[in-house]
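Chains, contacts and geometry: an overview
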Amino acid sequence: WMGVANVAGGAVRRVGRSAEQLEPEHRRDGLGLLLFALAIVVATREWWGLSGQVGEIIHTVAAGTFGRAALVLPLVLIAFGVRLMRRPDDDQGTNRIMIGTIALGISLCGLLHIVAGTPTMTDGLVSFRDGGGMIGYLAAAPLVAGLRVIGAVPLLVILGFFGLLVVTATPVHRIPERLRHVVFLDAAVPGDGQSIWDLFEGGGQDPDRFKDGFMQVPWVKPGDKPPYSVKHSVKCFSQPVRYRNPA
């Protein structure tokens, strides 16, 4: 037995040293792929209804921990996997997003626990799967016991709002600015005194793209009528805008 133990211990130590010799990028890629694999495992049961003993084990772990929120767990795992592989050097940003996601998850699970009728231990652990899982129970039960539902719900909503701010790196005072960016997500928004051409450093001032004072775009075909296809006057791009009452 001592010989077997020595051989096994030596093998484990060699594997450990080999893993330490991997490049940091490879370790990050490996962790990202592991998250992808976990997402597939969870999705086979929570999305595609895998039956049998394996499916029951997956559901017990996922739904027993997160409740109904286990339905979005594969998406969260995939998002973090992509993040690790695309931004391997941004540890600060990844940690920030992780903290915000944890806050969002606790808030969601707690609210799901309340929506499910705040089941207790006497109802059995299986009842937690239809709510927020064990996390939801731990987050919501003390609040409901002390503040009732009317006090617990606002606190959990505030926690989720805080998590959203952390994930998006948005301080409260910058919410109006971020909302303006959302409203103009698919548009170029010049500043006060700027034109569209100023934003693109003159890249749009191609004389071949303008005819008879209008911009020629490939998706507007001859015979197309408003409001679906409208040619824009050159003034839309060359004239500066003025904000007399900026938000």
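This text follows the structure it describes.
Now for a description of the structure that goes with this document. (Residues numbered from 1 in each chain as written. Predicted model: local features only at pLDDT ≥ 70, side-chain atom pairs only at ≥ 80, totals over all residues. Heavy atoms only, no water.)

**Notes on the packing of aromatic side chains**
Worth spelling out the cut-off: For this analysis, a ring pair means two rings from Phe, Tyr or Trp (six-membered ring only for Trp) whose centres lie within 6.5 Å, classed as stacked if their planes differ by under 30 degrees, edge-to-face if by over 60, and tilted for the remaining angles.
With the rule as written, the count across this model stands at two aromatic pairs. Taken together, a centroid distance of 6.0 Å and an interplanar angle of 85 degrees make the contact between Trp47 and Trp48 edge-to-face. Where Phe128 meets Tyr137, the ring centres are 4.9 Å apart and the plane angle is 20 degrees; that geometry is what we call stacked.

**Considering helix α3 (residues 52–66)**
Count 3.6 residues to each turn of an α-helix, and residues three or four apart come out pointing the same way. Worth spelling out the cut-off: Secondary structure follows DSSP: runs of H or I at least 4 residues long count as helices, runs of E at least 2 residues long count as strands, and numbering of each begins at the N terminus. Helix span, expected: 1.5 Å multiplied by one less than the number of residues in the helix. For each residue, the accessible area found with a 1.4 Å probe, counting protein chains only, is set against the maximum for its type, and the residue is called buried under 20%, exposed over 50%, and partly exposed in between.
Here α3 spans 21 Å end to end across 15 residues, near enough to the 21 Å set by a 1.5 Å rise per residue. Here α3 has its buried residues at Gly55, Ile58, His59, Ala62, Ala63 and Gly64.

**Quick word on unusual backbone geometry**
Although it is not a glycine, Thr118 adopts a positive phi angle of roughly 50 degrees. Here Thr118 is to be found in the loop between α5 (91–115) and α6 (133–167). Backbone geometry places Arg148, a non-glycine residue, at a positive phi of 65 degrees. Looking at the element boundaries, Arg148 is found in helix α6.

**Re the side chain of Thr94**
So the rule is basically this: Here a polar contact means two N or O atoms within 3.5 Å. Within protein one must be a hydrogen donor candidate and the other an acceptor candidate, and residues neighboring in sequence count only if both atoms are side-chain atoms. Any two residues whose heavy atoms approach within 4.5 Å at even a single point are treated as in contact.
Considering the arrangement of structural elements, one finds Thr94 in helix α5. Of the residues examined, Thr94 reaches a relative accessible area of 6% and is grouped as buried. Only 3.2 Å separates the side chain of Thr94 from the side chain of Arg83, close enough to count as a polar contact. Contacts of Thr94, omitting those with residues within four sequence positions, involve Phe80, Arg83, Leu84 and Arg87.

**So, α6**
How we decide: A residue's bend is the angle separating two fitted axes: one through the seven residues that end there, the other through the seven that start there.
Taking 1.5 Å per residue, 35 residues should reach 51 Å; α6 reaches only 23 Å between its end C-alpha atoms and comes up short. Maximum bend of α6: about 125 degrees, positioned at Arg148. Positioned one or two residues after α6, Ala169 has a phi angle of 55 degrees, which is positive.

**Details of the layout of surface pockets**
Any space left empty among the atoms is revealed by the rolling of a water-sized probe across them. Note the threshold: In this analysis the probe radius is 1.4 Å and the grid spacing 1 Å, with only protein atoms considered; a cavity is a set of points the probe fits into but cannot get out of, a pocket is an open set with protein on both sides within 12 Å along at least five of seven lines, and lining residues have an atom within 4 Å of a point. Grid points are joined across faces, edges and corners, and a volume is the space filled by probe spheres set on the points. For this classification, Asp, Glu, Lys and Arg are treated as charged, while Ala, Val, Leu, Ile, Met, Phe, Trp, Tyr, Cys and Pro are nonpolar and the rest, including Gly, are polar.
What the largest pocket holds in volume is close to 540 Å³. Together, 22 residues line the largest pocket, and Leu73, Val76, Phe80, Thr101 and Ile102 are the ones closest to its centre. When residues of the lining of the largest pocket are traced back to their parent elements, those giving at least two are α2 (24–46), α4 (73–86) and α5. With eleven residues, α5 is the largest single contributor of residues to the lining of the largest pocket. For the lining of the largest pocket, the per-class residue count stands at 16 nonpolar, four polar and two charged.

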